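Topology and contacts: notes
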Amino acid sequence: QVQLVESGGGSVQAGGSLRLSCAASGNIFRINDMGWYRQAPGKQRDMVAVITSGGNTNYADSVKGRFTISINNAKNTVYLQMNSLKPEDTAVYYCNARIIERGSYRLADYWGQGTQVTVSS
């Protein structure tokens, strides 16, 4: 089993910044990729940013130029630096990790518990 522990959510005014962190621990052979998704009330969960262990990134168009995803492979931790936040960024942010598990060597998909980000105008 693998656990994802998120931190860094909170409330901020428009134009402000927040940094999210997500640490993976447990039965990890290798991390394939990690990322952040968000879900606003009444809406589907959407991809925000994803990064591979090799550092390749993919961003949603709505956050390009404002958000930066990074990964520390030694700590199995992914970060999301969010700048120039807008009220429409308000959502629950979920960490995702696709991990090759030690022993079985199968690729498994894990989710964090979610952290609330609220941006006021």
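These lines cover the structure that appears in this document, whether it is placed above or below. (Residues numbered from 1 in each chain as written. Predicted model: local features only at pLDDT ≥ 70, side-chain atom pairs only at ≥ 80, totals over all residues. Heavy atoms only, no water.)

Attention now moves to the environment of Ile31. For Ile31, the location among the structural elements is in strand S4 (residues 28-39). Each C-alpha atom of the pair Ile31 and Ala97 lies 7.3 Å from the other, and the pair is 66 residues apart in sequence. Not counting the four nearest positions on each side in its chain, Ile31 is found in contact with Ala24, Ser53, Asn76, Arg98 and Ile99. (Helix = DSSP H or I, 4+ residues; strand = E, 2+ residues; numbered from the N terminus. Contact = heavy atoms within 4.5 Å.)

Here we take up the pattern of salt bridges. By the definition in use, this model includes five salt bridges. Arg98 is paired through a salt bridge with Asp33; the nearest N and O atoms lie 2.8 Å apart. Taken together, the residues Arg98 in strand S9 (residues 91-101) and Asp33 in strand S4 connect sequence positions 65 residues apart. Taking relative accessible area as the criterion, Asp33 reaches 7% and is therefore assigned buried. Between Asp89 and Arg66 there is a salt bridge; the shortest N-O distance is 2.8 Å. Taken together, the residues Asp89 in the loop between strand S8 (77-82) and S9 and Arg66 in the loop between strand S6 (57-59) and strand S7 (67-72) connect sequence positions 23 residues apart. (Salt bridge = Lys/Arg side-chain N within 4 Å of Asp/Glu carboxyl O. Buried < 20%, exposed > 50% of the residue type's maximum accessible area, 1.4 Å probe, protein only.)

This next bit is on unusual backbone geometry. Here the phi dihedral of Asn76 falls at roughly 50°; this positive angle occurs in a residue that is not glycine. Relative to the elements of secondary structure, Asn76 occurs in the loop between S7 and S8. When its relative accessible area of 23% is taken as the criterion, Asn76 is described as partly exposed. You will see that Tyr105, though not glycine, has its phi angle at about 60°, which is positive. Mapped onto the elements of the fold, Tyr105 is located in the loop between S9 and strand S10 (107-111).

Before going further, it helps to examine the side chain of Arg38. Relative to the assigned elements, Arg38 resides in strand S4. Reaching out from Arg38, the side chain makes a polar contact with the side chain of Asp89 at a distance of 2.9 Å. (Polar contact = N/O pair within 3.5 Å; in protein donor to acceptor, adjacent residues only side chain to side chain.)

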